[in-house]
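Next come the chains, spelled out residue by residue.
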Amino acid sequence: MGAFRVRAPVAPVTIVVNGDSVIAGREDTVASALIASGRWQTRRCPDGEPRGPFCLIGFCQECVAVIDGRRGKRACVTSVADGMRIDLDI
Amino acid sequence: MISEPKTGGQDLTPDLAVVGAGPAGLGAAIAARAAGLTVVLLDDQRRPGGQGLRQGIGAPANPFFARDIHHVLADPAVAGVDYRPNSLVWGFDEEGLHVEGPEGRYRISAKRTVLATGASEWVPPIPGWTLPGVVTAGGAQALLKASGVAVGRRIAIAGTGPLLLQLATQLLSAGARLAGIFEVAFFGEWLKTASYTMAYPPAGVQGLLLCGDLWRRGINVQWGLVPTRIVGRDRVEGLEVSPISPRSGGARRIEADAVCLSFGLTPAYELASMRGCRLAYDPAAGTWQVERDEAMRSSLGDVFVAGDGVGIGGARYAILEGQLAGCAAAQDLGALDTAEAERRKRTIRRRMNRLAPLKRFLARTYRYRPGLIAGLPLDAILCRCEQVKVGTVRAAIRDGIVSPHELRILTRVGMGPCQGRFCSVTAERVLALETGRSPEDLGISTSRPPVRPLAIGPEEEGLREDAI
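Residues numbered from 1 in each chain as written. Chains lettered and ligands numbered in written order. Predicted model: local features only at pLDDT ≥ 70, side-chain atom pairs only at ≥ 80, totals over all residues.

Participant: I'd like a description of the domain arrangement of chain B, backed by residues and values.
Facilitator: Residues and elements named next belong to chain B. Under the domain assignment, chain B is made up of domain 1 (16–119 + 266–363), domain 2 (123–263) and domain 3 (371–442). Placing a centre on the C-alpha atoms of domain 1 and another on those of domain 2 gives a separation of 29 Å. Element by element, the count of residues in the side of domain 1 that touches domain 2 is highest for helix α10 (residues 356–365), at 4 residues. Here the residues of the side of domain 1 that touches domain 2 sort into 7 nonpolar, 2 polar and 3 charged. (Domains from an automatic or database assignment. Helix = DSSP H or I, 4+ residues; strand = E, 2+ residues; numbered from the N terminus. Nonpolar A, V, L, I, M, F, W, Y, C, P; charged D, E, K, R; others polar.)

Below, the structure is given as structure tokens:
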């Protein structure tokens, strides 16, 4: 059950999400790669409530993550690259 | 919190700066460049096209969409435009646009500026709408078209408007199953609204094809239903829908692994508001919009506004509004003489008039429905970022809050990272309903820079986005 890829990733790359290797396609954003791999949760609120990508067009800030060491990056408008490191606060 | 521009980004002084590379921004940039202006086109996204002309992987160009835009969609630079993707405009003042992009932070002081910032979906704060797996319908489309990812295998689509049906056929073609399409409008009302599009055949035909496709697949839209709760522990497990008229029975629960919501759009007017452009309240849409004249000029002479960021008209209409603004800017700067500029503007306006039925259809479909706000349960989260509940906002209003600004300071509504993009409109609507006063009286929540959060901290040194 859950999100799935409509077609196999073109020119696959590997990204590292909280230490786990995840295969992604060249056309993926970080958010789409996370969702396709079943990782819906991108952050949690101070009280522990889980959150995931919501608007997917750069407005809502629910998908912000540490990407290649840089804080506050929006996963939904960031293209994946081979070896990219994503740290989610979950 | 705002730091000085970093080194690496060179300040620019083009004739025209266009913010947003969606339909309106592309229209403006191309029209102005064709007239001979130097144009910088800034976009927050990775690819041009915005939401209205999003390019899919291997997807055929939609034949109903402006042919003249397609050849520059792949790369606006071919038109001679200085196109800058992944560039966030986070502020706009007398000094110009403040940009954070791959080059670093810099400023653009253009002779004229077109704001084509688009819109984001308005979603009423339904309990559970913060669960992972709940997305806007536009978001689900973006995910599918740009990255080839379907949001779920058993998807519930709820809300109102043509996007529900469009998304449904796209997801079905991709191999997903639907848990149902739940439309707020009743069938009769929906049909009457949809009939507006018949006066503009391309849209009418497109609509009929959509309905035909769903009918062939045996998918029935369920009418007069509003989503009242999204359930799940750590992610979506189901959706509860209730008849919009309580006499028609109780709530029903549907199992789903993803929920897509679409109720209308909120124009992204933050930059215009911050710069000091006058806004006006549109009671039918229930949103504030930037005031502008026939040539898309705002109350400030050197700032134009075009596209869904001003009033919802759809992609076709937005392209034309952009072109109008681009021509007017070129005329201002002497690149087009008056006769030629007027001739071009007349042609564009004629095309806009043909699209008027479509604009009426969208306005009617996405009209403000106070019923979606009035019945909100107190435990629903109104402001996602700051986790402020409907009950907290109502209590503050009953304690005597009389302006969106006070509401913001007291409850922290709209103070989070999204800067109120998803809750300010809702908070203003709740305030109007509770106080019985009009939004014009109550005023608007002020927009302040940065409109989106900037990367702050030691890691921002150099801001090397090209490494990503």
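And the narrative resumes.
Participant: Outline the confidence of the model for chain B, listing residues and values.
Facilitator: Residues and elements named next belong to chain B. Averaged over every residue, the pLDDT of chain B is 89; the share at 70 or more is 91%. Residue range residues 1–7 is modelled with pLDDT below 50. Its contacts to residues more than four positions away, or to other chains, number 10 contacts. Within the model, pLDDT remains below 50 along residues 457–468, and this stretch shows 20 contacts once partners closer than five positions in the same chain are excluded. (pLDDT = per-residue confidence, 0-100. Contact = placed C-beta atoms within 7 Å.)

Participant: Kindly report on the sheet that holds strand β21 (residues 303–305) of chain B, identifying the contributing residues and their values.
Facilitator: Backbone hydrogen bonds are what pair the strands of a sheet, in a parallel or an antiparallel way. Residues and elements named next belong to chain B. Across the sheet, which stays open at both edges, the 5 strands sit in the order β3-β2-β1-β7-β21 with parallel pairing between neighbours. Both edges of this open sheet fall to β3 (82–84) and β21, since each of them pairs with a single strand only. With strand direction ignored, the average angle separating the axes of adjacent strands in the sheet is 15°. In this structure, strand β1 (residues 16–19) lies alongside strand β7 (residues 112–115), joined through 4 bridges in parallel fashion. The residue bridging V18 from the neighbouring strand is V114, located in β7. Together, β1, β7 and β21 form the strand contacts of helix α8 (residues 314–332), whose direction differs from that of β7 by roughly 175°. (Pairing = 2+ DSSP bridges. Axes fitted to C-alpha atoms, helices over the stretch in contact; angles between N-to-C directions.)

Participant: Tell me about the nonpolar core, residues and numbers included.
Facilitator: Residues and elements named next belong to chain B. Counting residues in hydrophobic clusters, the biggest one holds 170 residues, and the most contacted among them are V18, I155, I157, V259, C260 and A306. A total of 11 residues in this core trace back to one element, the largest contributor, which is α8. Beyond its immediate chain neighbours, meaning those up to four positions away, I157 contacts A137, L164, L167, A168, L178, I181 and C260. (Core = buried A, V, L, I, M, F, W, Y, C linked by C-beta atoms within 7 Å. Buried ≥ 20, exposed ≤ 12 C-beta atoms within 10 Å, placed from the backbone.)

Participant: Outline helix α6 (residues 201–216) of chain B, supporting the account with residue identities and numerical values.
Facilitator: Over its 16 residues, α6 of chain B extends 22 Å from the first C-alpha to the last, a length consistent with the 22 Å expected when each residue adds 1.5 Å. Among the residues trailing α6 of chain B, G218 of chain B stands out with phi positive, at a value near 75°. (Expected span 1.5 Å × (residues − 1).)

Participant: Provide a residue-level description of the sheet that holds strand β6 (residues 104–108) of chain B, including the pertinent values.
Facilitator: All names here are of chain B. One open sheet holds the 3 strands; their spatial order is β4-β5-β6, and the pairing between them is antiparallel. At either margin of the open sheet sits one strand with a lone partner, and together these are β4 (88–93) and β6. Neighbour to neighbour, the strand axes of the sheet diverge by 20° on average, direction disregarded. With 5 bridges joining them, β4 and strand β5 (residues 96–101) adopt antiparallel strand pairing. Looking across to β5, one finds that F92 is bridged to L97.

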